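# Chains, contacts and geometry: an overview
As a plain string of letters, each chain reads:
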Amino acid sequence: MDLRNLQGYASFAMTVFLVIMLYGYIIHLYRSEKKGERDYEKYGNIALDDEVTSTPVEDKPASEREYKEDKQ
């Protein structure tokens, strides 16, 4: 087996792996929206309604917010 064949097999394996990951992610998004955990249409409207005065997509209480200072 030469290097060229090995590169072909590795490329095919990587493509299959990435396709499986993509479908898994799509299924995850579908299930979480179906359960009501997230509404991804609200997130899609961020690009259309991008004003400083716009309301947040999710308004979390201050106790649930994560700050970068707390993580360091």
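Cut-off values and rules
- Sequence order as written defines residue numbering, which begins from 1 separately in each chain.
- Predicted model: local features are reported for residues with pLDDT of at least 70 only, side-chain atom pairs are reported and counted for 80 or more only, and whole-chain, interface and lining totals are derived from all residues.
- Side-chain numbers here rest on the full set of heavy atoms in the structure, without hydrogens or water.
- Here a strand is any run of E in DSSP of at least two residues, a helix any run of H or I of at least four, and the numbering for each starts at the N terminus.
- Remark: exposure states derive from per-residue accessible area (1.4 Å probe, protein chains only) relative to the maximum for the residue type, with buried under 20%, exposed over 50%, and partly exposed in between.
- The Shrake-Rupley method, run with a 1.4 Å probe, gives the accessible areas here. Residue values count only the displayed protein chains as cover.
- We call two residues in contact whenever any of their non-hydrogen atoms come within 4.5 Å of each other.
- Each residue carries a pLDDT value, the predictor's own confidence for that position, ranging from 0 to 100.
- Candidate patch residues must exceed 30% relative accessible area and have no salt bridge, after which like charges are joined if within 9 Å and Val, Leu, Ile, Met, Phe, Trp or Tyr side chains if within 5 Å.
- Salt bridge criterion: a side-chain nitrogen from Lys or Arg within 4 Å of a carboxyl oxygen from Asp or Glu.

### Remarks on the overall build of the protein
In terms of helices and strands, the protein carries three helices and zero strands. Along the protein, helices and strands appear, N-terminal first, in the series α-α-α. Put simply, the protein has 72 residues, and 1% of those count as buried. Accessible area of the protein: about 7,300 Å², with a carbon and sulfur share of 57%.

### Concerning the side chain of Ser32
One can find Ser32 in helix H1 (residues 3–35). When neighbours within four sequence positions are excluded, Ser32 is seen to be in contact with Glu37, Arg38 and Tyr40.

### Considering the confidence of the model for the protein
Segments scoring low in pLDDT should not have their predicted coordinates read at a detailed level. A residue-level look at the protein finds 82% of positions with pLDDT of 70 or above and a mean pLDDT of 82. When pLDDT is averaged over each helix and strand of the protein, the minimum, 53, is found for helix H3 (residues 68–71) and the maximum, 95, for H1.

### Details of the environment of Tyr30
Mapped onto the fold, Tyr30 is located in helix H1. Taking the C-alpha atoms as reference points, Tyr30 and Tyr40, ten residues apart in sequence, are found 9.5 Å from one another.

### Quick look at a nonpolar patch on the surface
On the surface, a cluster of nonpolar side chains totalling about 530 Å² of accessible area is made up of Met1, Leu3, Leu6 and Tyr9. Within the secondary structure, Leu3 sits in helix H1.

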